[in-house]
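Understanding the architecture of this molecule
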Amino acid sequence: MSHPTASHLTESQLQGFHQRLLAAKADTEALLVQTANDSKPVDMELPIGRLTRIDAIQMQGMAQMNRHQLEIRLRQIDASLMAYQGGTFGICRHCKEPVGLGRLEVLPETPFCLACQESFEQRG
Ligand SMILES: [Zn+2]
């Protein structure tokens, strides 16, 4: 069992993360389908029952924000799956250093190590 990898992770750790990424991809895609109806433009002519139009517009905004976050997550998951195929899963895409195992356990789709993530956030 030799998977081509430049990774600091063991084969079984890689397999585990791969399974989690595939599951996360399926979940995220399902959520995107589920929320598709919520973020359609609000029809101003449609009677909305007890909801005011302002409420409907605010809910639409939230659905779109969530969808935006879901789309970002899906892109990160896809990129991580590509990295897995290419043997670079778990390598920070910025500094090319290994991403800490603890961080990968929490966020397997993360593209960056903690140090890079923090420096991006400090720069705003
Ligand atoms: Zn880094």
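Residues numbered from 1 in each chain as written. Predicted model: local features only at pLDDT ≥ 70, side-chain atom pairs only at ≥ 80, totals over all residues.

On to the overall build of the chain. Across its full length, the chain carries four helices and zero strands. Counting from the amino terminus, helix and strand elements in the chain follow one another as α-α-α-α. The 124 residues of the chain split such that 13% are buried. In the chain, the proportion of contacts linking residues at least 24 apart, taken out of those at least 6 apart, comes to 60%. (Helix = DSSP H or I, 4+ residues; strand = E, 2+ residues; numbered from the N terminus. Buried ≥ 20, exposed ≤ 12 C-beta atoms within 10 Å, placed from the backbone. Contact = placed C-beta atoms within 7 Å.)

Moving on: the environment of Gln76. Tracing the backbone through its elements, the reader meets Gln76 in helix α2 (residues 53-86). The sequence separation of Gln76 and Lys25 amounts to 51 residues, and the corresponding C-alpha distance is 9.6 Å. Non-local contacts of Gln76, meaning those with residues more than four positions away in its chain, are made with Glu109 and Pro111.

On to the packing of helix α1 (residues 11-36) against α2. Between α1 and α2, the least distance of the axes is 9 Å, while the angle of their chain directions is 150 degrees. By the angle between their directions, the pair α1 and α2 is classed as roughly antiparallel. Handedness of the crossing formed by α1 with α2: left-handed. The residues of α2 that touch α1, namely those facing Leu14, His18, Leu21, Ala24, Lys25, Thr28, Glu29, Leu31, Leu32 and Thr35, are Ala63, Asn66, Arg67, Leu70, Arg73, Leu74, Ile77, Ser80, Leu81 and Tyr84. Grouping the constituent residues of the contact of α1 with α2 by class yields 11 nonpolar, five polar and four charged. (Axes fitted to C-alpha atoms, helices over the stretch in contact; angles between N-to-C directions. Parallel < 35°, antiparallel > 145°, perpendicular 65-115°, else oblique. Left-handed = near helix turned anticlockwise from the far one by under 90°. Nonpolar A, V, L, I, M, F, W, Y, C, P; charged D, E, K, R; others polar.)

Let's shift gears to the nonpolar core. Core analysis: the largest hydrophobic core is formed by 10 residues, namely Phe17, Leu21, Ile77, Tyr84, Phe89, Ile91, Cys92, Val99, Leu104 and Cys113. In contact with Tyr84, not counting residues within four places along its chain, are Leu14, His18, Leu21 and Phe89. (Core = buried A, V, L, I, M, F, W, Y, C linked by C-beta atoms within 7 Å.)

A few words on the confidence of the model for the chain. For the chain, per-residue confidence averages 85 on the pLDDT scale, and 82% of positions sit at 70 or higher. No element of the chain has a lower mean pLDDT than α2, which averages 86, and none a higher one than helix α3 (residues 101-106), which averages 94. (pLDDT = per-residue confidence, 0-100.)

Let's shift gears to α2. Taking 1.5 Å as the rise per residue, α2 with 34 residues should run 50 Å; its terminal C-alpha atoms sit 49 Å apart, in good agreement. In the segment just after α2, Gly87 is the residue with positive phi, at about 80 degrees. (Expected span 1.5 Å × (residues − 1).)

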